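Remarks on the overall topology
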Amino acid sequence: MPPLIFRKGLDLKHEVAGTLAESYHSDLVAAIKDSEYQYASGRLTIHLAREFGFCYGVDRAVDYAYQARKRFPDRPVVLTGEIIHNPHVNDQLRAQGIRFLSDAGESIDALTPNDVVILPAFGVTMEMLEELDRRGCTLVDTTCGSVLNVWKNVKRYAADGFTSVIHGKYWHEETRATASQASHEGNGHYLVVLNRDEAEEACRYIRGGGDRTVFLTRFENALSRGFDPDRDLQRIGCANQTTMLSSESLEIGEMFRAAMRDRYGEAEMAARFRAFDTICSATQDRQDAVAALLDEQPLDLMIVIGGYNSSNTCNLARMCEPGLPTYHIAEAGCLMSAFEIRHKPVGGKDEAVSAGWLPAGGEVVIGLTSGASTPDNLVGMVVRRLDDLANLSR
Ligand code: SF4
């Protein structure tokens, strides 16, 4: 029997609305929005970016997960991995009794038709979907429409004989899912490039060829099976993970366009090069809001709240860091004291502790934003903690 798939919720939106509000809403954040996104207390002023926090895709995914729990109280409800990259939200789901396939002791091999499996907002690979299908699990598909749009583009590239060049993180769930769509059953190829440096290396190969083995080793984890750079870089279509830094994605697209033009000439471009900007509107809006905040307000420092493995949050921090001290924190507890802060340094891998983050005396003006997987209640807790620490000696 084919599995049952829920793609538009489970008709329990109103029933879970109260629990969702209790778990993720913040009256304080709502009040700050009503006060022109500004919070003032004692020597502290906080300017909140005008777009921040849960995006439409995350909102929907979390909503469907709670609906699934309510709809199937007597059946195991399982997530394929983190529903979104926010530890607080994932822990809340665990507390609802939802299991995670990525946790120790869990395995897809143990799933049966009795299991209800939630697919996350960033989607799953074709291989995983086929396996869940074989096992006859009931599926609750929360894949975001913006991710489906990327898939539509890379599938079209494959159908037309173009290799997908994806600006993204090859290890990220969304990019792995997108890559699987671009190469399903050997029908197409892909190359994932992380940044300008990697794009430049690929562009150099397009322009003048090179050592095939060196290329294959360099991009070992970021290529489709059987990729041949001499064959598979002759026709390319650019796409990107939805949460990348928009300005970087556009620049990388232009780098590939220029390389293809240099190699094949302008007359060949229509037959050999395509590009779609697949940054989602929520990511774009959050990046635009941070750019506006940096532009409009003189700030002493910037706090960016979100999971350390959240791509869009890391990119918000990257935007701020060149201009002013920037601290990417996971939650209010990272503000250890008025002197010490735990944070993920921009571009770094591991959490670090820094000292002297909060100016010791006089007025202090802080910019604040949060990634698309960060609920408002965490933002509210950070505001309260900042207030306490800044005004300790008031
Ligand atoms: S960040 Fe964008 S693509 Fe990802 S879930 Fe949110 S809206 Fe969808």
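Presented here is an overview of the structure given in this document.

1. Describing the nonpolar core
Core analysis: the biggest nonpolar cluster contains 37 residues, and Leu191, Val193, Phe215, Leu233, Ile236 and Phe256 have the highest contact counts within it. The set of elements that each furnish at least two residues to this core consists of helix H6 (145-159), strand S8 (163-167), helix H7 (173-182), strand S9 (190-193), helix H8 (196-208), strand S10 (236-240) and helix H11 (246-264). Excluding residues within four positions of it along the chain, Val193 makes contact with Val165, Ile166, His167, Gly168, Glu198, Ala199, Phe219, Ile252 and Phe256.

2. Examining the site of the ligand
Around the ligand sit 13 residues in total, of which Cys55, Tyr56, Cys144, Thr242 and Cys280 are the nearest. Mapped by element, the contributors of at least two residues to the shell around the ligand are helix H3 (56-71), H6 and helix H13 (281-296). The greatest single-element share of the shell around the ligand, amounting to 3 residues, is contributed by H3. Of the residues that constitute the shell around the ligand, the class distribution is 8 nonpolar, 5 polar and no charged.

3. Thoughts on the side chain of Ser249
Assignment of secondary structure puts Ser249 in helix H11. Of the residues examined, Ser249 reaches a relative accessible area of 8% and is grouped as buried. Setting aside residues no more than four positions away along its own chain, Ser249 makes contact with His167, Asn240, Met244 and Ile279.

4. Here we look at the packing of H8 against H11
Packed helices, taken two at a time, are described by their axes: the angle between them and the distance between them. Their axes nearest at 9 Å, the elements H8 and H11 cross at an angle of 10 degrees. With respect to H11, the element H8 is oriented roughly parallel. Contacts between H8 and H11 pair Arg196, Ala199, Glu200, Ala202, Cys203, Tyr205, Ile206 and Arg207 from the former with Glu248, Glu251, Ile252, Met255, Phe256, Ala258, Ala259, Met260, Asp262 and Arg263 from the latter. Of the residues that constitute the contact of H8 with H11, the class distribution is 11 nonpolar, no polar and 7 charged.

Each value, and the rule that gives it
Residues numbered from 1 in each chain as written. Predicted model: local features only at pLDDT ≥ 70, side-chain atom pairs only at ≥ 80, totals over all residues. Heavy atoms only, no water. Core = buried A, V, L, I, M, F, W, Y, C linked by side-chain atoms within 4.5 Å. Buried < 20%, exposed > 50% of the residue type's maximum accessible area, 1.4 Å probe, protein only. Helix = DSSP H or I, 4+ residues; strand = E, 2+ residues; numbered from the N terminus. Contact = heavy atoms within 4.5 Å. Near = heavy atom within 4 Å. Nonpolar A, V, L, I, M, F, W, Y, C, P; charged D, E, K, R; others polar. Axes fitted to C-alpha atoms, helices over the stretch in contact; angles between N-to-C directions. Parallel < 35°, antiparallel > 145°, perpendicular 65-115°, else oblique.

Everything listed here is a matter of coordinates, which is why it stays silent on function.
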